[in-house]
Amino acid sequence: NNYSYHQLRENFIQVEKCIISEEKFINDMFEYNKIITSLPVLIEFNLKSFLDNYFKNDDELFFQFNINEVFVVSDKNILKFILSCFFRKLTYYGEDSLKNISISLHNENNSIGLYIKNNNIEITDQEFVKLTKMNKFDYGLEIFKAYKVAEIINLKIHFFKISNKECIFKLTFNNYKY
């Protein structure tokens with residue numbers, strides 16, 4: 001059977017998407033392995049400024065910072081890796097899902113909470129149970145990697161389900177100052 005390029009074009013597009021996806025996965029695993037096999041570089045930095053710079057090109061995100069300046073002691077590269085894992089998980093459900101994400105910082109009892117909320121994610125009760133098992137692999141590779149890397153810099157990760165359409169990932173920083 002001879003097929004024209006036009007007839008096979010969709011197949012080529014799908015193969016290209018799979019190759020790009022696999023390439024991202026492999027590069028991400030190299031980054032993950034580099035992080036877990038090296039010592040963290042703990043420095044003090046302004047978390048709000050860090051977030052502003054990290055998300056400066058994402059006009060669709062909604063920010064709500066109840067704190068003007070807060071300094072944390074952490075590793076910026078590890079924090080970037082954790083955030084990218086969260087965003088890959090949250091945007092997995094649709095390309096336009098980025099506009100449904102909001103980010104907020106809150107001063108809590110002896111800690112700072114960084115909340116990443118998705119307002120339009122379909123999550124079943126079964127998926128929620130998997131996501132709350134932060135020490136298990138069965139809730140997805142992205143969150144597993146984020147959890148393991150967070151342990152290196154003493155960040156706590158929590159996951160909350162507000163409704164079938166809303167979920168929150170929370171990072172807790174215990175080492176901070178104003």
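For the structure itself, look to the data block above.
Residues numbered from 1 in each chain as written. Predicted model: local features only at pLDDT ≥ 70, side-chain atom pairs only at ≥ 80, totals over all residues. Heavy atoms only, no water.

(A) Inspection of the overall build of the protein chain at higher detail. A tally of helices and strands in the protein chain yields 5 helices and 8 strands. Along the protein chain, from the amino end to the carboxyl end, the secondary structure elements read α-β-α-β-β-α-β-β-α-α-β-β-β. Going through the 178 residues of the protein chain one by one, you find that 38% of them count as buried. Considering only contacts within the protein chain whose residues lie at least 6 apart along the sequence, 72% involve residues at least 24 apart. Accessible area for the protein chain stands at about 10,900 Å²; split by element, carbon and sulfur atoms hold 50% of it. (Helix = DSSP H or I, 4+ residues; strand = E, 2+ residues; numbered from the N terminus. Buried < 20%, exposed > 50% of the residue type's maximum accessible area, 1.4 Å probe, protein only. Contact = heavy atoms within 4.5 Å. Areas by Shrake-Rupley, 256 points an atom, 1.4 Å probe, with all protein chains shown as cover.)

(B) The nonpolar core, seen in detail. Core analysis: the biggest nonpolar cluster contains 36 residues, and Leu47, Leu79, Ile82, Leu83, Phe86, Leu171 and Phe173 have the highest contact counts within it. Of all the secondary structure elements, the ones that give two or more residues to this core are helix H1 (5-36), helix H2 (47-54), helix H3 (76-90), strand S4 (101-108), strand S5 (111-118), helix H5 (141-152), strand S6 (156-163) and strand S7 (166-173). The leading source of residues in this core is H3, at 8 residues. Those residues within four positions of leucine 47 in sequence are excluded, and the remaining contacts are Val70, Val72, Leu79, Leu105, Ile112 and Phe173. (Core = buried A, V, L, I, M, F, W, Y, C linked by side-chain atoms within 4.5 Å.)

(C) Inspection of the sheet that holds strand S3 (residues 71-74) at higher detail. Strand order in the open sheet formed by 3 strands is S1-S3-S8, with antiparallel pairing between adjacent strands. Looking at which strands have only one partner, the edges of the open sheet turn out to be strand S1 (43-46) and strand S8 (176-177). One ladder, built from 2 bridges, connects S3 with S8; its direction is antiparallel. Residue pairing in the sheet places valine 72 in a bridge with tyrosine 176 of S8. Against the sheet, H2 engages S1 and S3, with an angle of about 70° to S1. (Pairing = 2+ DSSP bridges. Axes fitted to C-alpha atoms, helices over the stretch in contact; angles between N-to-C directions.)

(D) Representation of the pattern of salt bridges within the structure. With the rule as written, the count across this model stands at 5 salt bridges. For lysine 34, the salt bridge identified is with glutamate 31, shortest N-O distance 3.5 Å. Taken together, the residues span about one helical turn, with lysine 34 and glutamate 31 both in helix H1 at a distance of 3 residues. (Salt bridge = Lys/Arg side-chain N within 4 Å of Asp/Glu carboxyl O.)

(E) Fine view of unusual backbone geometry. The backbone phi angle of asparagine 110 is positive, close to 60°, even though this residue is not glycine. Within the element layout of this structure, asparagine 110 appears in the loop between S4 and S5. Judged by relative accessible area, which is 66%, asparagine 110 ranks as exposed. The backbone of asparagine 154 shows a phi angle near 60°, a positive value even though the residue is not glycine. Looking at the secondary structure, you find asparagine 154 in the loop between H5 and S6.

(F) Molecular detail of the side chain of lysine 170. Inspection of the secondary structure assignment puts lysine 170 in strand S7. A polar side-chain atom of lysine 170 sits 3.0 Å from a polar atom in the side chain of glutamate 108. In contact with lysine 170, other than residues within four places in its own chain, are Glu108, Gly113, Leu114, Tyr115, Lys156, Ile157, His158 and Phe160. (Polar contact = N/O pair within 3.5 Å; in protein donor to acceptor, adjacent residues only side chain to side chain.)

(G) The arrangement of the packing of H1 against H5 in detail. Between H1 and H5, the shortest axis-to-axis distance is 10 Å and the interhelical angle comes to 20°. With respect to H5, the axis of H1 lies roughly parallel. Crossing geometry of H1 relative to H5 is assigned as left-handed. Within the contact between the two elements, H1 uses Phe25, Asp28, Met29, Tyr32, Ile35 and Ile36 and H5 uses Leu141, Glu142, Phe144, Lys145, Lys148, Val149 and Ile152. Here the contact of H1 with H5 is composed, by residue class, of 9 nonpolar, no polar and 4 charged. (Parallel < 35°, antiparallel > 145°, perpendicular 65-115°, else oblique. Left-handed = near helix turned anticlockwise from the far one by under 90°. Nonpolar A, V, L, I, M, F, W, Y, C, P; charged D, E, K, R; others polar.)

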